[in-house]
Protein chains: 2
Amino acid sequence: MARIKTDKNVSRKDVIVTKAATLFREKGFKAASMRDLAESVGVEAASLYNHIKSKTELLHEICFSVANRFMHKIDEIEVEPIPSIEKVEKLLRFHISEIINHYEEVYVSDREWKHLADPYLSNFQNQRRIYRKRFAAIIESGIRNKEIKKIDAPTAVLIMLHAISGIESWHRSTQKISAEELEANMITILVGGLINK
Amino acid sequence: MARIKTDKNVSRKDVIVTKAATLFREKGFKAASMRDLAESVGVEAASLYNHIKSKTELLHEICFSVANRFMHKIDEIEVEPIPSIEKVEKLLRFHISEIINHYEEVYVSDREWKHLADPYLSNFQNQRRIYRKRFAAIIESGIRNKEIKKIDAPTAVLIMLHAISGIESWHRSTQKISAEELEANMITILVGGLINK
DNA sequence: TATTGAAGCTAACGTGTGTTAGCAAGTTTT
DNA sequence: AAAACTTGCTAACACACGTTAGCTTCAATA
């Protein structure tokens, strides 16, 4: 009889969620079936329901674990006594490292959150909106201090966040530069485009 | 008996494809059903098949019409006798105007191409790869001419293309700046981050 | 070793899917 | 007005999906 293998500190549910993230990334949430997931876990589809409540629950877990990490980080950075442009740089570096180290989850959270069901959907959208506003506020304060060019802050946030999601393509590409080089290039272009000089 | 309305020069198939683009954008390709589409066209699901071959065909049409427009544009720009940095700017402006004027199609082509079936899938991926290489070549030539900072050109392309796809969010947002302002901000940040000075 | 709870299995359900067949209504051409 | 073609409809198909019920097997505890 098949059995889901677990290490210490990793519940069987965690294993399922992780495999789900990979599958949702590869095929998209809707196109990935519970039978696909079961196969990748090494078990029958019905057996998954001993550990999870529903397919959507898997998406919740993925999306909110990612969103929470970003929220905690911006909490932390916001209150640091450093110039705004450095806050922006820190945030960008965090985004980059998150997408490199938690590729599947971040990707899914970014592209598949549409398939969340209310009330999770509204909740997620709210968090996202708030996050972007706080990010924009940092940029605006940088503009007031003349550290940053006079630009529309919300637009700048959009550009930053989406630009960084380009790493998804880098992650899948075969002939790639190192993660460090990638990060350096990103910062050069993005922060370089902001700085007022 | 219901009937699909058409203007001159717009076939019934075109009407279906357009509505499909909207639906695929809203729900995603997999989650959008032919019955949904039929309703939005004002007809029964089975009737759609008098005009189209399959659901996937709709996706082909959307993805390749978008891809072709970009290919033709880069053909055109590549041979112009202007500095590389201006070529980059022209390409960016084209991307921006495409996403503003053909929002639904471009969005779908960007995010739903995964659901294409071979041989269209490989074909599409190839076109994408080639496009990015040609874009990167323009940047590399700009680096050689010292117009552009020394950066990894493929990374720069990723950043540009994804940054621009951020306009999707702008497009749906309620309190937005004008399209002209948006374009100006984008160019400032992106081109500003490239220029060697 | 006996007991118990966790974790797996098979079978099946109801529903929604893309698509086809066959026919009726409407429009254009002769 | 007849013929030919286009466009729509109803009904139904085969299938894949998420999920549940009920039972068995395994592993840990007493």
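Scroll up to find the structure.
Undergrad: Which residues make up the overall build of chain A, and what are the values?
TA: Check the secondary structure of chain A and you find nine helices and zero strands. Its helices and strands in sequence order give chain A the pattern α-α-α-α-α-α-α-α-α, from N to C terminus. The dimensions of chain A, computed from C-alpha atoms along their principal axes, are 65 × 40 × 30 Å. Residue burial in chain A is summarised as follows: out of 197 residues, 51% are buried. Nonlocal contacts in chain A, meaning residues at least 24 apart in sequence, comprise 68% of its contacts between residues at least 6 apart. Counting every atom, chain A has about 9800 Å² of accessible surface; 50% of that belongs to carbon and sulfur.

Undergrad: How would you sum up the packing of aromatic side chains? Please name residues and give values.
TA: Residues and elements named next belong to chain A. According to the stated counting rule, one finds 16 aromatic pairs over all chains in the structure shown. Between Phe70 and Tyr131, the ring centres sit 6.1 Å apart and the planes meet at 65°, which makes this aromatic pair edge-to-face. Taken as a pair, Phe70 in helix H3 (residues 55-78) and Tyr131 in helix H6 (residues 120-144) lie far apart in primary sequence, 61 residues in all. What makes Phe70 buried here is its relative accessible area of 11%. Judged by relative accessible area, which is 7%, Tyr131 ranks as buried. Directly above the aromatic system of Phe29 lies the positively charged group of Lys55, at a separation of 4.5 Å from the ring centroid.

Undergrad: An account of the protein's contact with DNA strand D is needed here, citing residue identities and associated values.
TA: In the neighbourhood of DNA strand D, 22 residues make up the surrounding shell, with Met34 and Tyr49 of chain A together with Ile4, Asn50 and His51 of chain B lying closest. The contact in question runs from a phosphate oxygen of DNA strand D to an N or O atom on the side chain of Ser47 of chain B, over 2.7 Å.

Undergrad: Give me the lowdown on the relation of the copies chain A and chain B, citing residues and values where you can.
TA: Once chain A is rotated about the relating axis by 180° and shifted along it by 0.0 Å, it coincides with chain B to within an RMSD of 0.1 Å. On this basis, the relationship between the two copies can be described by a two-fold rotation axis. Take the interface residues of chain A: 97% of them recur as interface residues in chain B, which is what a same-surface contact looks like.

Undergrad: Can you lay out the packing of H3 of chain A against H6 of chain A for me, pointing to particular residues and giving the numbers?
TA: To describe two helices that pack against each other, one gives the angle between their axes and the distance between the axes. Residues and elements named next belong to chain A. Look at H3 against H6: their axes get within 11 Å of each other, and the N-to-C directions meet at 25°. Here H6 runs roughly parallel to H3, going by the angle between their axes. Handedness of the H3/H6 crossing: left-handed. Contacts between H3 and H6 involve His60, Cys63, Phe64, Ala67, Asn68, Phe70, Met71, Ile74, Asp75 and Glu78 on the former and, on the latter, Tyr120, Asn123, Phe124, Gln127, Ile130, Tyr131, Arg134, Phe135 and Ile138. Along the lines of polarity and charge, the residues of the contact of H3 with H6 split into twelve nonpolar, four polar and three charged.

Undergrad: Account for the nonpolar core, with residues named and values stated.
TA: Membership of the largest hydrophobic core comes to 78 residues, with the highest contact counts inside it found for Leu92, Phe135 and Ile139 of chain A together with Leu92, Phe135 and Ile139 of chain B. Apart from the residues lying within four places of it in its own chain, the contact partners of Phe135 of chain B are Ile74, Val88, Leu91, Leu92, Val157, Met160 and Leu161 of chain B.

Undergrad: Go over the side chain of Glu168 of chain A, please, and point to the residues and values.
TA: Residues and elements named next belong to chain A. Following the sequence through the fold, Glu168 ends up in helix H8 (residues 167-172). A polar side-chain atom of Glu168 sits 3.4 Å from a polar atom in the side chain of Arg111. The residues contacting Glu168, other than those within four sequence positions of it, are Ile99, Tyr103, Tyr107, Asp110 and Arg111.

Undergrad: Explain the protein's contact with DNA strand C residue by residue, including any values.
TA: As a structural note, the neighbourhood of DNA strand C is formed by 22 residues, with Ile4, Glu44, Asn50 and His51 of chain A together with Tyr49 of chain B the closest of them. The contact atoms of DNA strand C, taken as those within 4 Å of the protein, divide so that sugar and phosphate hold 64%. Residue Asn50 of chain A places a side-chain N or O atom 2.7 Å away from a base nitrogen belonging to DNA strand C. Contact between DNA strand C and Arg35 of chain B: a base nitrogen at 2.9 Å from a side-chain N or O atom of the residue. Residue composition of the surface near DNA strand C, by class: ten nonpolar, five polar and seven charged.

Undergrad: Residue-level account of the interface of chain A and chain B, with values.
TA: If you look at the interface, chain A gives 36 residues, while chain B gives 36 residues. Interface area, chain A with chain B, both sides summed: about 2900 Å², of which 63% is carbon and sulfur. Where chain A touches chain B, the interface holds zero salt bridges. Remark: the boundary between chain A and chain B carries eight residue pairs in polar contact (both at pLDDT 80 or more). Those elements giving two or more residues to the side of chain A that touches chain B turn out to be helix H1 (12-27), helix H5 (103-111), helix H7 (153-165), H8 and helix H9 (179-194) of chain A. Among the elements that take part in the side of chain A that touches chain B, H9 of chain A stands out by supplying nine residues, more than any other. The residue inventory of the side of chain A that touches chain B, partitioned by class, reads 14 nonpolar, eleven polar and eleven charged.

Parameters and conventions
- Residues numbered from 1 in each chain as written.
- Chains lettered and ligands numbered in written order.
- Predicted model: local features only at pLDDT ≥ 70, side-chain atom pairs only at ≥ 80, totals over all residues.
- Heavy atoms only, no water.
- Helix = DSSP H or I, 4+ residues; strand = E, 2+ residues; numbered from the N terminus.
- Buried < 20%, exposed > 50% of the residue type's maximum accessible area, 1.4 Å probe, protein only.
- Contact = heavy atoms within 4.5 Å.
- Areas by Shrake-Rupley, 256 points an atom, 1.4 Å probe, with all protein chains shown as cover.
- Phe/Tyr/Trp six-rings, centres within 6.5 Å; stacked < 30°, edge-to-face > 60°.
- Lys NZ or Arg CZ within 6 Å of the ring centre and 35° of its normal.
- Near = heavy atom within 4 Å.
- Polar contact = N/O pair within 3.5 Å; in protein donor to acceptor, adjacent residues only side chain to side chain.
- Least-squares fit on C-alpha atoms with pLDDT ≥ 70 in both.
- Axes fitted to C-alpha atoms, helices over the stretch in contact; angles between N-to-C directions.
- Parallel < 35°, antiparallel > 145°, perpendicular 65-115°, else oblique.
- Left-handed = near helix turned anticlockwise from the far one by under 90°.
- Nonpolar A, V, L, I, M, F, W, Y, C, P; charged D, E, K, R; others polar.
- Core = buried A, V, L, I, M, F, W, Y, C linked by side-chain atoms within 4.5 Å.
- Buried area = accessible area lost by both parts, 1.4 Å probe.
- Salt bridge = Lys/Arg side-chain N within 4 Å of Asp/Glu carboxyl O.

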